[in-house]
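# Analysis of the macromolecular model
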Amino acid sequence: MGMWMNTRANPTAIWARSYNVMGQATAASMNPEAEKPNLIENFDGIQASEDLLSRWQISTDSDVSGHSMAETSLLTPGAEGTPHAMRLKGHLAPGPKDAQGHVSARYAVSLPAGTRNLRGIEFEARGEPRIYQVGFQPPKAAASPIPEISFVPGEAWQNVRVPIAWLANPSGYGLADGPWMLEISVTGPAGEFTLDLDEIRFY
């Protein structure tokens with residue numbers, strides 16, 4: 001990890017306001033049907049990469065030199081032998097002074113009806129060993145910064161679990177006011193990045 005960090009990347013500051021989550025690879029469920037009620041997105045119903053843009057909103061910085069760029073594409077096969085996964089790939093531009101390039105992928109999530117005993121979100125991830133952030137924002141917190149947890153993917157698929165305290169009382173955070181927003185973002189030194197995602201679900 002130290003190879004890509006420079007004076008603009010301060011992991012101590014990042015981890016001070018979040019957690020570093022690196023799950024270990026897990027075996028496939030013995031009963032995949034039991035996981036379907038908690039499924040958020042597994043990309044298997046998407047037939048073309050262009051359809052990803054109707055589901056995932058990609059945003060980049062607009063105030064840095066060169067402007068960061070990103071695109072999504074379907075990847076085959078996905079994690080655990082599934083038909084598809086999503087690849088987020090792009091280039092972080094250098095920022096002026098202490099600023100950093102920024103790319104994020106956002107997905108509107110509806111909580112399952114009668115939600116109970118949910119503790120967080122998990123997903124399968126792999127990619128270059130950069131620091132990525134993931135946050136899950138309830139509708140009523142739209143004007144506030146999203147609490148974020150950091151994770152570092154590896155070359156092999158690994159399970160990442162993100163505990164989210166808000167899920168213990170979803171009605172208190174505007175469950176009826178609109179969809180929640182899942183955001184996965186990358187910041188850091190200028191350069192290329194690639195992140196693969198699959199099997200996003202509640203746990």
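Residues numbered from 1 in each chain as written. Predicted model: local features only at pLDDT ≥ 70, side-chain atom pairs only at ≥ 80, totals over all residues. Heavy atoms only, no water.

## Considering the packing of aromatic side chains
What characterises a pair of aromatic rings is the spacing of the ring centres plus the angle enclosed by the ring planes. Evaluated as defined, the whole model comprises six aromatic pairs. Measuring from ring centre to ring centre gives 5.4 Å for F123 and F151, while their planes differ by 70°; the resulting arrangement is edge-to-face. One end of the pair, F123, is in strand β7 (residues 120-127); the other, F151, is in strand β9 (residues 148-151), with 28 residues separating them in the sequence. By the burial criterion, F123 is buried, and F151 matches it. Note on F136 and W180: the rings are 5.1 Å apart at their centroids and 35° apart in plane angle, and the pair reads as tilted. Taken as a pair, F136 in strand β8 (residues 132-137) and W180 in strand β11 (residues 180-188) lie far apart in primary sequence, 44 residues in all. Both residues of the pair, F136 and W180, count as buried. Grouped by ring-pair contacts, the aromatic residues F43, W56 and Y107 constitute a single cluster. One residue, R161, lies across the ring of Y203, its end atom 4.2 Å from the ring centre. (Phe/Tyr/Trp six-rings, centres within 6.5 Å; stacked < 30°, edge-to-face > 60°. Helix = DSSP H or I, 4+ residues; strand = E, 2+ residues; numbered from the N terminus. Buried < 20%, exposed > 50% of the residue type's maximum accessible area, 1.4 Å probe, protein only. Lys NZ or Arg CZ within 6 Å of the ring centre and 35° of its normal.)

## Details of the nonpolar core
Side chains of nonpolar character tend, in soluble globular proteins, to be buried together. With 37 residues, the main nonpolar core has W56, I121, F123, F136, F151 and F202 as its most contacted residues. For this core, the elements supplying multiple residues, two or more each, are β5 (85-92), β6 (101-109), β7, β8, β9, β10 (158-163), β11 and β12 (191-202). Per element, the largest residue contribution to this core is five residues, and it comes from β12. (Core = buried A, V, L, I, M, F, W, Y, C linked by side-chain atoms within 4.5 Å.)

## Brief notes about the pattern of salt bridges
Side chains that carry opposite charge are capable of pairing whenever their charged atoms lie near each other. Per the stated rule, a full pass over the model turns up eight salt bridges. A salt bridge links D196 to R126; the shortest N-O distance between them is 2.9 Å. Here R126 lies in strand β7 and D196 lies in strand β12, a separation of 70 residues in the sequence. The exposure class assigned to R126 is partly exposed, which follows from its relative accessible area of 22%. Note that E199 is salt-bridged to R201, the shortest N-O span being 3.5 Å. The exposure class assigned to R201 is buried, which follows from its relative accessible area of 6%. Among the ionic contacts, a cluster of salt bridges with common partners joins E122, E124, R161, E199 and R201. (Salt bridge = Lys/Arg side-chain N within 4 Å of Asp/Glu carboxyl O.)

## Things to note about the pairing of β7
Buried residues dominate β7, accounting for seven of its eight residues. Where β7 and β10 come together, six bridges link them in antiparallel fashion. From the neighbouring strand, G120 faces β10, where its bridge partner is P163. Where β7 lies against β12, six bridges are found, and the strand directions are antiparallel. When the bridges of β12 are listed, A125 appears paired with L197. (Pairing = 2+ DSSP bridges.)

## Observations concerning the pairing of β11
Most of β11 is tucked away: nine of the nine residues are buried. In this sheet, β11 lies alongside β6 in antiparallel orientation, the contact comprising nine bridges. If you follow S104 over to β11, its bridge partner there is S185. In this sheet, β11 lies alongside β8 in antiparallel orientation, the contact comprising six bridges. By the bridge assignment for β11, V134 is matched with I184.

Keep in mind these numbers describe shape, not what the thing actually does.
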